[in-house]
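Listed below are the residues making up each chain.
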Amino acid sequence: MGKHHLPGVPGVPIVMRRSARARRITLRISQLDGRVTLTLPNGTPESEALDFARQKQDWILGHLDRREEDVSVGPGVALPVNGISREILHIKGRRIVLQDETLGVPEGPVGPRLQAWLKVRARDRLAAACDGYATRLGRPYARLVLRDTRSRWGSCTSEGNLMFSWRLVLAPADVLDYVAAHEVAHLAEMNHSPAFWSVVENLYGPYAAPRAWLRSEGNKLHRYRFDSDS
């Protein structure tokens, strides 16, 4: 149905959509990118939905004010790798250099090159973790796929395909390992029953801490944008 804007400077963009299953007008604000979505039932006039959004304008602005700003990746920006914040620097040479406190990137566009490097690093780390857990479980997986998913950190299909968000490489190492164990455990238990969680604990160990980190801090990993030309 297109985009609309609430009045103001700047105006707040709103994505409006219809749903045959909707029974009333609903408003949702994504904590990942701040997108405001207005869902309305079929037959409800757009003007009525926009009036509803205007009545909720203070609530919308309050939520957006509390949301942390996106970070455009470039020189001088601090980016976490393995959960450790590193300052991005331009360096001479052809290779990205990861050190304790800095992340050196060769001259030229930083965002796309750094994203590609992170994806390779994520694949290597996740493949090693999944290989180890699958061997212990005695159930091989079919293949491993990386995506930039926002609704989940990983998934496992009935065919044994494992999918992960490459942004896990930004998280602490134990968090990445926990997600790998979680998805490999689904090779044995395609559910979240007590039996499944028992498999996770047998593979990984106590998992409460990394699971809690994902819930409280995971959304922040989506703040980083890699499309800059700096």
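See the structure printed just above.
Since we're looking at a predicted model, the values are computed, not measured. Residue positions within a chain follow its written sequence, with the count starting from 1. The model is predicted, so local features are restricted to residues of pLDDT at least 70 and side-chain atom pairs to those at 80 or more, both for listing and for counting; the totals for chains, interfaces and linings are taken over all residues. Side-chain numbers come from the whole structure's heavy atoms, not from hydrogens or water.

Enquirer: I would appreciate a short explanation of the overall build of the protein in the present structure.
Expert: Elements are defined by DSSP. Helices are runs of H or I of four residues or more, strands are runs of E of two residues or more, and each kind is numbered from the N terminus. Counting its regular elements, the protein contains six helices and 13 strands. Based on the C-alpha atoms only, the size of the protein along its principal axes is roughly 55 × 50 × 30 Å. The buried label goes to any residue with under 20% of its type's maximum accessible area, the exposed label to any with over 50%, and the partly exposed label to all in between, with areas taken from a 1.4 Å probe on protein chains only. Of all 230 residues assigned to the protein, the portion counted as buried reaches 44%. Sequence separation of 24 or more characterises 47% of the internal contacts of the protein that already satisfy a separation of 6 or more. Note on areas: Shrake-Rupley with a 1.4 Å probe; residue coverage comes only from the protein chains shown. Carbon and sulfur atoms provide 48% of the accessible area of the protein, an area that totals close to 12700 Å². Charge assignment: positive for Lys and Arg, negative for Asp and Glu; neither His nor the chain ends contribute. Where a charge lies is defined by one atom per residue type: Lys uses NZ, Arg uses CZ, Asp uses CG and Glu uses CD. One finds the centroid of the 33 positive side-chain charges in the protein at a distance of 5 Å from the centroid of its 25 negative side-chain charges. Only heavy atoms matter for contacts: two residues are in contact if any of them lie within 4.5 Å across the pair.

Enquirer: Please explain the environment of R94 as it appears in this structure.
Expert: With respect to the helices and strands, R94 occurs in the loop between β7 (84-91) and β8 (97-98). A residue is classified by how much of its surface remains accessible, and R94, at 77% relative accessible area, is exposed. In this structure, the C-alpha to C-alpha distance between R94 and V105, residues 11 residues apart in sequence, is 8.2 Å. Ignoring anything within four residues of it in the chain, the contact list for R94 reads P106 and R113.

From the geometry alone we can't say anything about function, so treat these as descriptive.
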